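# Close look at the chain arrangement
Each chain, letter by letter, is given below.
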Amino acid sequence: MWDSLTLATANKEKLQYLRENAVLKAHEKAKEETKAKKVTKQEHKKYALEATMKLEEAERKRIEDLKEKERQKVTKELALWKKQQKDAEKQKRVQKEGELHQEVEQLKEKKKEKMNKTRIPNEETSKTSLKPTKGHGSYSMFSENLKEEQLPAPRSAATIKINFTSRVFPTALRESRIAEEEEWLCKQAEARRTVSADLSEVEDLKEEEKNPDWLKDKGNKMFATGNYLAAVNAYNLAVRLNNKLPLLYLNRAACHLKLRNLHKAIEDSSKALELLTPPVPHNEHARVKAYVRRGTAFCQLELYTEGLQDYEAALKIDPKNKTIEKDAEKIRHLIRGTMQDS
């Protein structure tokens, strides 16, 4: 053991030197330990990263194997289906050929029977025409007893009926805008075919619940019973399935009016008007509804000028509608009263 913590023979400068030397050694040791810890930590991180990469690679390989198996399965099923379709078509073709062959044989038989029937009377008339005349020992073709040759009966008369395809729109041709009408019909047909089947939430639904028209009818029934929130939910799903049908937005705007969601009612009415183009007689009623519902929402937000513009637009389409005319007059009175108060 040490007798004391200091050197008796050391002077002050030597002690200072020893102290500084000890501090430097301690710093170097601490630095080496920190460096060693850092290297160890980096090695641990590298090992963890490699392990994660291996796991991800294994998972990716497993998913690719599953996809490959599924693709092979689908390819086999498709090949089998094509083969079945080809066999079915071949069978139908053979059956059809057989039926055609039978029909041809029947027609040939009928033709033979008809020819035999016409031949028998002709033979009889020829025999009667070759009978000897009285007082002569020879046959005469110009005898008075010659009978007329029997001919087949004339064809029976019949009436051919011609039906013309009726026009979709009842307007007169001189007043009709055929190009706009055709564009509207094509647009509606295209909208009916457009269905978004990539939504994950529709996988658990029944088959009829994936039909936008069925959902629209369901929403209409909910609206009629006063369950406006359920009707909005039905229209929302229908719009997600098919966002090209204007009646979905138009009916949802009516629900938003009842629920006092006025800004949403304006948005849906505007979207419906955007889809109700080109303007043709077939969509007049829907455009009138869209303008009236948007105008109502504007008026409830006290934007009477914008509301009056929509009501006047509806009157241009249906000028004989007395209800819209009365409502428009009320809005004009409100605008005048607001201007006088200001």
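Bear in mind the structure is a predicted one, so any value in this text is a computation, not a measurement. (Residues numbered from 1 in each chain as written. Predicted model: local features only at pLDDT ≥ 70, side-chain atom pairs only at ≥ 80, totals over all residues. Heavy atoms only, no water.)

### Here we look at the overall build of the protein chain
Put simply, the rule reads: Starting at the N terminus, helices and strands are each numbered in turn, a helix being any DSSP run of H or I of at least four residues and a strand any DSSP run of E of at least two. Any pair of residues with heavy atoms lying within 4.5 Å of one another is described as a contacting pair. Only the protein chains shown count as cover for residues, and the accessible areas themselves come from Shrake-Rupley with a 1.4 Å probe.
A count of helices and strands for the protein chain gives nine helices and zero strands. Each helix (α) and strand (β) of the protein chain, taken in turn from the N terminus, gives the series α-α-α-α-α-α-α-α-α. Within the protein chain, contacts between residues separated by at least 24 positions form 55% of all contacts whose residues are at least 6 apart in sequence. As presented, the protein chain carries roughly 28,200 Å² of accessible surface, and 54% of it is formed by carbon and sulfur atoms.

### As for the nonpolar core
What counts here: Among buried residues, the Ala, Val, Leu, Ile, Met, Phe, Trp, Tyr and Cys ones that are joined through side-chain atoms within 4.5 Å form a nonpolar core. Exposure classes here rest on a 1.4 Å probe applied to the protein chains alone. A residue is buried below 20% of its type maximum, exposed above 50%, and partly exposed in between.
With 21 residues, the main nonpolar core has Leu215, Tyr235, Leu248, Tyr249, Leu250 and Cys255 as its most contacted residues. At the level of secondary structure, the elements contributing two or more residues to this core comprise helix 4 (228–241), helix 5 (246–258), helix 6 (262–275) and helix 7 (284–300). Top contributing element to this core by residue count: helix 4, with seven residues. Not counting the four nearest positions on each side in its chain, Tyr249 is found in contact with Val239, Asn243, Asp268, Lys271, Ala272 and Leu275. In terms of nonpolar packing, the next biggest core, distinct from the first, is built from twelve residues, Val292, Leu308, Ile317 and Ile331 among them.

### A few points about the pattern of salt bridges
Worth spelling out the cut-off: Just to be clear on terms, a salt bridge is a Lys or Arg side-chain nitrogen sitting within 4 Å of an Asp or Glu carboxyl oxygen.
Counted by the stated rule, this structure contains ten salt bridges. Salt-bridge contacts for Glu57 lead to Arg60; the nearest nitrogen and oxygen are separated by 2.4 Å. Of this pair, Glu57 and Arg60 both sit in helix 1 (residues 12–129), three residues apart, which is roughly one turn of that helix. Residue Glu274 is joined to Lys271 by a salt bridge in which the shortest nitrogen-to-oxygen separation is 3.8 Å.

### A few points about the side chain of His256
Among the secondary structure elements, His256 is positioned in helix 5. Discounting chain neighbours no more than four positions away, the residues touching His256 are Val232, Asn261, Lys264, Ala265 and Asp268.

### Structural notes on the packing of helix 6 against helix 7
As a reminder, the rule being used: Every axis corresponds to a line fitted to the C-alpha atoms, with the helix fit spanning only the stretch in contact, and the corresponding angles, defined between N-to-C directions, vary from 0 to 180 degrees. By the definition adopted for this analysis, an angle is roughly parallel if under 35 degrees, roughly antiparallel if over 145, roughly perpendicular if from 65 to 115, and oblique otherwise. Left-handed describes a crossing whose near helix is turned anticlockwise from the far helix by less than a right angle; the clockwise case is right-handed.
It is the contact of helix 6 with helix 7, at a shortest axis distance of 9 Å, that shows an interaxial angle of 155°. When the interaxial angle is binned, helix 6 and helix 7 end up roughly antiparallel. The way helix 6 lies across helix 7 gives a crossing that is left-handed. Within the contact between the two elements, helix 6 uses Leu262, Ala265, Ile266, Ser269, Ser270 and Leu273 and helix 7 uses Arg287, Ala290, Tyr291, Arg293, Arg294, Ala297, Phe298 and Gln300.

### Here we look at helix 8 (residues 304–317)
Under the convention used in this document: Multiplying 1.5 Å by the helix residue count minus one yields the expected span of that helix.
End to end, helix 8 covers 20 Å across 14 residues, agreeing with the expected 20 Å (1.5 Å per residue, within 8%). Residues Gly307, Leu308, Asp310, Tyr311, Ala313, Ala314, Leu315 and Ile317 constitute the buried set of helix 8.

### Regarding the environment of Leu259
Considering the arrangement of structural elements, one finds Leu259 in the loop between helix 5 and helix 6. Judged by relative accessible area, which is 31%, Leu259 ranks as partly exposed. A sequence separation of 27 residues divides Leu259 from Val232, and the C-alpha atoms of the two residues are 9.8 Å apart. Not counting residues up to four positions away in its chain, the partners in contact with Leu259 are Tyr228, Leu229 and Val232.

### Looking at the confidence of the model for the protein chain
The condition that has to hold: A residue's pLDDT is simply how confident the predictor is in it, with values from 0 to 100.
Predicted confidence across the protein chain gives a mean pLDDT of 81, with 77% of residues reaching 70 or more. Of the regions scoring below 50 in pLDDT, residues 125–148 engages in 13 contacts with residues more than four places distant in sequence or in other chains.

### Observations regarding helix 3 (residues 212–224)
Going by this rule: Our arc is simply the arc of the directions from the helix axis toward the C-beta atoms. Two N or O atoms form a polar contact when they lie within 3.5 Å of each other; inside protein one atom must be a possible hydrogen donor and the other a possible acceptor, and for residues adjacent in sequence the pair counts only when both atoms belong to side chains.
With 13 residues, helix 3 extends 18 Å between its outermost C-alpha atoms, agreeing within 8% with the 18 Å of an ideal straight helix rising 1.5 Å per residue. Within the span of helix 3, buried status applies to Pro212, Leu215, Lys216 and Gly219. Viewed along the axis of helix 3, the buried residues span an arc of 105°, placing them on a single side of the element. Among the exposed residues of helix 3, those pointing more than 90 degrees away from its buried face are Lys221 and Ala224. Tucked inside the fold, the buried residues of helix 3 contact helix 4 and helix 5. You can read the cap of helix 3 off the contacts: a side-chain oxygen lies 3.2 Å from the backbone nitrogen of Asp213, and it is on Asn211. Of the residues trailing helix 3, Gly226 is marked for its positive phi of about 90°.

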